[in-house]
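What follows is the residue order along each chain.
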Amino acid sequence: YAGRTELPDNLKALFRPMAMMVPDYALIAEISLFSFGFITAKALSNKIVSTFKLSSEQLSSQDHYDFGMRAVKTVINAAGLLKRAEPQANEYTLLLRALQDVNRPKFLVEDLTLFEGIISDLFPGVPAPVREYGTLVESINQSCRDQRLQPVDSFTAKCIQLYETSVVRHGLMLVGPTGGGKTCCLRVLQQAMTDIAKSDTPGTFEKVKVSTLNPKSVTMGQLYGNFDENTHEWTDGVLANMIRQNVQEDTPDKKWIVCDGPVDALWIESMNTVLDDNKKLCLVSGEIISLDNSITMMFEVEDLAVASPATVSRCGMVYLEPGALGTQVLCDSWLPTLHPKFAQFSKRFGDLFESLTLPALTFVRRNCAEPVPTVDGNLVLSQFRILDCLQPKPDECIDADDPEAQTPDYASFVGPFFLFSLIWSVGASTDKTGRKKFDKWLREKAVEVSLDAKFLPPEDLSVYEFAFDVPKKQWVNWLATAPDYELDSATPFAEIVVPTVDTIRYTYLLDILLKKSIHVLCVGPTGTGKSVVVNEKLQNGMDDSFESNCLSFSASTSANQTQDIIDAKLDKRRKGIFGPPLGKKMIIFVDDLNMPAQERYFAQPPIELLRQWFDHKGWYDRKALQFFEIVDIMFAAAMGPPGGGRNPVTPRFLRHFNIVSFTDMEDTTLIRIFNTILGAWITSNFTEEFQVVAEQLVQCTINMYNTISSELLPTPAKSHYTFNLRDLSKVIQGVLGGEPKKIPDVAALVRLWCHENQRVFQDR
């Protein structure tokens with residue numbers, strides 16, 4: 001039982017055990033209903049008990065379902081409120097409505113159908129109650145439009161369910177996978193209720209004030225407060241202070257305290273007295289803070305896999321699933337934001353989205369492996385972000401070599417831009433094998449939807465090998481976009497960066513995304529050049545309006561360390577707002593993003609701290625206990641796939657990034673890199689007869705590396721048989737370490753090469 005420990009036997013012996021039995025729900029319900037003024041309470045109480053009994057037996061087993069005493073009590077309270085509002089209404093209809101209002105929000109789509117079946121069997125002939133929410137629905141639709149969201153029925157229904165739940169419960173949870181609309185639902189309802197309260201109809205709704213905190217971004221002591229071990233001095237906690245301030249506000253406004261982060265037994269068990277009928281926060285210092293009726297505790301959480309039943313039964317649940325919204329709503333929200341020059345083609349973009357992006361998502365989910373799992377909503381938004389970056393200035397669209405070109409033909413860019421963004425969003429999160437499948441599928445699909453052949457990259461290479469040249473209106477190989485490279489033989493080995501197809505295309509993507517303040521995550525196996533490409537771009541490829549800083553995470557990185565390092569690099573803009581020096585933007589590069597160790601219940605505090613910035617644009621000063629907004633910063637990050645000390649990262653964090661998967665380099669790329677490096681060393685130190693051998697040595701090294709890494713796989717007895725591209729570069733680095741004076745002929749060079757191979761591969 002999460003959050004509980006076994007009592008020691010010598011203590012247990014001093015107590016007399018007493019077994020508690022399940023109470024008689026029907027009797028309790030009957031008495032409570034009589035007290036609310038129901039006449040047919042006995043029959044109604046049996047219907048309540050039967051509903052919960054059948055639901056617990058027939059519906060699927062979910063972590064956030066609870067059909068115990070507290071759930072029964074909530075239905076009774078809801079029915080009582082309805083009875084008070086409509087004393088003359090049919091009592092069966094009132095109870096039916098109470099059962100639906102309380103239970104519907106938490107059910108998955110498939111369980112909802114079963115629940116409706118149970119209800120219709122228990123209430124035969126009772127008409128389904130229809131409730132009017134007049135002004136609230138209108139206000140929700142308006143606040144959706146204000147926040148550039150689509151007021152689709154499934155979303156507005158969830159907003160109303162959230163409102164209904166907040167009326168009958170003072171503790172509630174928004175549960176569901178990332179991309180379901182939890183945060184948006186909360187913000188829309190807050191704005192809708194506040195707008196009504198400000199209008200001319202007083203009394204129906206109050207203004208809503210929201211205070212948000214990620215409970216995992218601080219330690220337990222910093223959350224609730226703690227005593228200093230040495231001085232025994234009391235230090236207040238962020239959450240305790242937030243609740244106290246809200247209690248002291250003497251206004252009728254609704255106050256929502258939102259804990260947006262993983263719920264686990266480490267911290268949530270301390271909230272038990274807050275969430276049940278006591279409504280009291282009891283601190284270690286002896287202080288007891290009583291909550292009034294205007295305060296609602298809300299929790300935004302992905303799942304409740306590690307929450308105890310005590311927590312689940314105390315909270316009302318609203319479940320939001322991404323499938324209910326779909327991805328079409330994202331497209332509908334994005335199309336109105338198109339660049340004015342492209343706005344006339346919004347229907348064309350919409351058609352392409354339906355005919356290419358939606359099937360592409362289905363294909364990737366079924367046929368491609370991803371090093372890091374993604375969600376559909378993130379891939380679609382990634383595509384739209386790349387499209388926003390690609391929309392060019394008019395002067396860039398005219399070919400300087402063509403004397404007749406006067407006005408740009410924007411229509412000819414729609415197809416290529418859409419394909420390029422699709423390839424580097426939906427197609428960029430998969431691995432090397434997946435890319436080959438996606439390339440084949442995309443070419444076949446383009447023919448199937450009758451896409452003009454000139455919009456497609458040439459067929460001699462994969463679609464990943466081409467960029468779209470805007471002025472010339474044609475696809476060109478990535479290598480053609482880079483100048484010729486000459487290596488200075490004096491450059492230290494560790495600092496050599498040879499331009500390849502990989503470095504050129506990843507640098508281009510980093511360039512267009514970071515300049516538009518879009519966060520980028522580079523994922524891939526070790527040795528594929530993630531850190532090198534990002535560091536090279538940040539140090540040499542950005543203009544003066546950008547500052548860059550590098551953080552490296554390790555297993556022992558804590559949230560407090562991360563916060564202090566970033567805070568130290570920021571200036572105070574004005575009260576409560578911090579950022580880089582005025583007029584600049586800061587790019588923070590986080591290397592080894594997934595290295596921080598997981599806590600007992602799998603949370604990673606440094607990740608949760610960064611997620612608090614992504615979702616709420618700031619974090620709390622741990623001394624002043626005030627929220628600090630942080631502006632003009634963005635994140636680039638790199639990480640390897642989970643495993644071997646690296647941990648899986650919560651999708652709620654990864655969804656904010658454009659994910660680019662770095663795949664293992666092709667042999668042609670490796671040959672180009674090492675031929676350039678070895679060739680430059682031989683040219684500057686040896687005669688021409690050595691030149692021929694250089695290419696052969698590189699080819700032999702790559703062949704040997706490929707054979708060893710495919711044949712000599714790691715086993716439990718040989719767990720150190722893990723080879724990556726760093727081993728390959730060590731062989732060449734070892735050859736470069738030879739003294740030219742001691743290598744009189746080609747045979748000596750080959751002997752040196754053999755020796756280096758033995759040291760790198762044979763010794764292991």
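Residues numbered from 1 in each chain as written. Predicted model: local features only at pLDDT ≥ 70, side-chain atom pairs only at ≥ 80, totals over all residues. Heavy atoms only, no water.

(A) Focus on the overall build of the protein. When helices and strands are tallied, the protein shows 29 helices and 20 strands. Overall size of the protein, expressed as C-alpha extent along the three principal axes, is 105 × 75 × 55 Å. The long-range fraction of contacts in the protein, counting pairs at least 24 apart against all pairs at least 6 apart in sequence, stands at 75%. Accessible area of the protein: about 35800 Å², with a carbon and sulfur share of 53%. Separation between the mean location of the 76 positive side-chain charges and that of the 95 negative ones in the protein comes to 4 Å. (Helix = DSSP H or I, 4+ residues; strand = E, 2+ residues; numbered from the N terminus. Contact = heavy atoms within 4.5 Å. Areas by Shrake-Rupley, 256 points an atom, 1.4 Å probe, with all protein chains shown as cover. Lys, Arg positive; Asp, Glu negative; His and termini not counted. Charge placed at Lys NZ, Arg CZ, Asp CG, Glu CD.)

(B) Structural context of a nonpolar patch on the surface. Taken together, L7, L11, L14 and F15 make up a surface patch of nonpolar side chains, about 430 Å² in accessible area. Mapped onto the secondary structure, F15 falls in the loop between α1 (9–12) and α2 (25–35). (Patch = residues over 30% accessible without salt bridge, like charges linked within 9 Å, V, L, I, M, F, W, Y side chains within 5 Å. Salt bridge = Lys/Arg side-chain N within 4 Å of Asp/Glu carboxyl O.)

(C) Looking closely at the pairing of strand β10 (residues 466–469). Examined bridge by bridge, β10 and strand β11 (residues 474–477) share 4 bridges and lie antiparallel to one another. Residue pairing in the sheet places F468 in a bridge with W475 of β11. Connecting the antiparallel pair β10 and β11 is a turn made up of 4 residues, with K473 showing a positive phi of about 55°. (Pairing = 2+ DSSP bridges.)

(D) Expanded view of the pairing of strand β19 (residues 633–639). Judged by how many residues are buried, β19 sits mostly within the fold: 7 of 7 residues are covered. Side chains I633, F635, A637 and M639 of β19 all project onto a buried face; the interleaved residues M634, A636 and A638 project onto the opposite face, where all are buried too. By the bridge criterion, 4 bridges tie strand β12 (residues 520–523) to β19 in an arrangement that is parallel. Bridging across to β19, V520 finds its partner in A636. Sheet topology places strand β16 (residues 585–591) next to β19; 6 bridges connect them, and they run parallel. Looking across to β19, one finds that V590 is bridged to A637. (Buried < 20%, exposed > 50% of the residue type's maximum accessible area, 1.4 Å probe, protein only.)

(E) Structural view of the side chain of S333. As for its position among the elements, S333 is in helix α16 (residues 328–334). On the accessibility criterion, S333 (15% relative accessible area) is buried. Among the polar contacts listed, one links the side chain of S333 to the side chain of Q150, at a separation of 3.0 Å. If near-sequence neighbours (up to four positions away) are discounted, S333 is found in contact with R148, L149 and Q150. (Polar contact = N/O pair within 3.5 Å; in protein donor to acceptor, adjacent residues only side chain to side chain.)

(F) Up close: the environment of I76. Within the element layout of this structure, I76 appears in helix α4 (residues 69–85). Sequence spacing of I76 and F36 is 40 residues, and the spatial spacing of their C-alpha atoms is 8.7 Å. Apart from the residues within four sequence positions on either side, I76 is in contact with A29, S32, L33, F36 and I48.

(G) Local environment of the side chain of K47. Note that K47 resides in helix α3 (residues 41–58). It is D121 that comes nearest to the buried, bridge-free K47 among opposite-charge side chains, at 11 Å. Not counting the four nearest positions on each side in its chain, K47 is found in contact with Y92, L95, L122 and F123.

(H) Main features of the layout of surface pockets. Its boundaries defined by the atoms lining it, the largest pocket holds a volume of some 1700 Å³. Around the largest pocket, the lining comprises 50 residues; the ones closest to its centre are C184, L330, L381, R385 and R655. Within the residue set of the lining of the largest pocket, elements represented by two or more residues are α9 (182–198), α15 (322–325), α16, α18 (376–390), α24 (605–616) and β19. The leading source of residues in the lining of the largest pocket is α18, at 7 residues. (1 Å grid on protein atoms, 1.4 Å probe; cavity = no way out; pocket = protein on both sides within 12 Å on 5 of 7 lines; lining within 4 Å. Points joined across faces, edges and corners; volume = space filled by probe spheres on them.)

(I) The environment of E86, seen in detail. In this fold, E86 is placed in the loop between α4 and α5 (91–103). Judged by its relative accessible area of 33%, E86 is partly exposed. Along the sequence, E86 and E164 sit 78 residues apart, while their C-alpha atoms lie 17 Å from each other. Among all residues touching E86, those that are not within four sequence positions of it are L94 and R97.

(J) Seen up close, the nonpolar core. Membership of the largest hydrophobic core comes to 72 residues, with the highest contact counts inside it found for F342, F349, W424, F438 and L514. Once residues lying within four places of it in the same chain are set aside, the contact partners of F438 are A360, F363, V364, L422, I423, V426, G427 and Y464. Of all hydrophobic cores here, the second largest spans 66 residues; its members include A41, I48, I289 and Y620. (Core = buried A, V, L, I, M, F, W, Y, C linked by side-chain atoms within 4.5 Å.)

(K) A look at helix α8 (residues 153–168). With 16 residues, α8 extends 23 Å from end C-alpha to end C-alpha; this agrees with the ideal 22 Å at 1.5 Å per step. Three or more residues of α8 are buried, namely F155, T156, K158, C159, I160, Q161, L162, Y163, E164, T165 and S166. (Expected span 1.5 Å × (residues − 1).)

(L) Representation of the sheet that holds strand β17 (residues 618–620) within the structure. With respect to topology, 4 strands assemble into an open sheet ordered β14-β15-β18-β17, the strand pairing being mixed. Whereas interior strands pair on both sides, the edge strands pair on one side only; in this sheet they are β14 (571–574) and β17. Each adjacent strand pair in this sheet contributes to an overall mean axis angle of 35°, direction not counted. Sheet topology places β17 next to strand β18 (residues 627–630); 3 bridges connect them, and they run antiparallel. (Axes fitted to C-alpha atoms, helices over the stretch in contact; angles between N-to-C directions.)

(M) Representation of the packing of aromatic side chains. One pass over the structure, following the stated rule, counts 41 aromatic pairs. Taking the centre distance of 5.9 Å and the plane angle of 50° together, the rings of F723 and F761 count as tilted. Of this pair, F723 sits in the loop between α27 (689–711) and α28 (725–736) while F761 sits in helix α29 (residues 746–762); the two residues are 38 residues apart in sequence, bridging distant segments of the chain. Across this residue pair, the class does not change: F723 and F761 are buried. Joined through ring pairs, the aromatic side chains of W334, F342, F345, F349, F353, F384, Y410, F413, F417, F418, F468 and W475 make up one cluster. Directly above the aromatic system of F38 lies the positively charged group of K83, at a separation of 5.4 Å from the ring centroid. (Phe/Tyr/Trp six-rings, centres within 6.5 Å; stacked < 30°, edge-to-face > 60°. Lys NZ or Arg CZ within 6 Å of the ring centre and 35° of its normal.)

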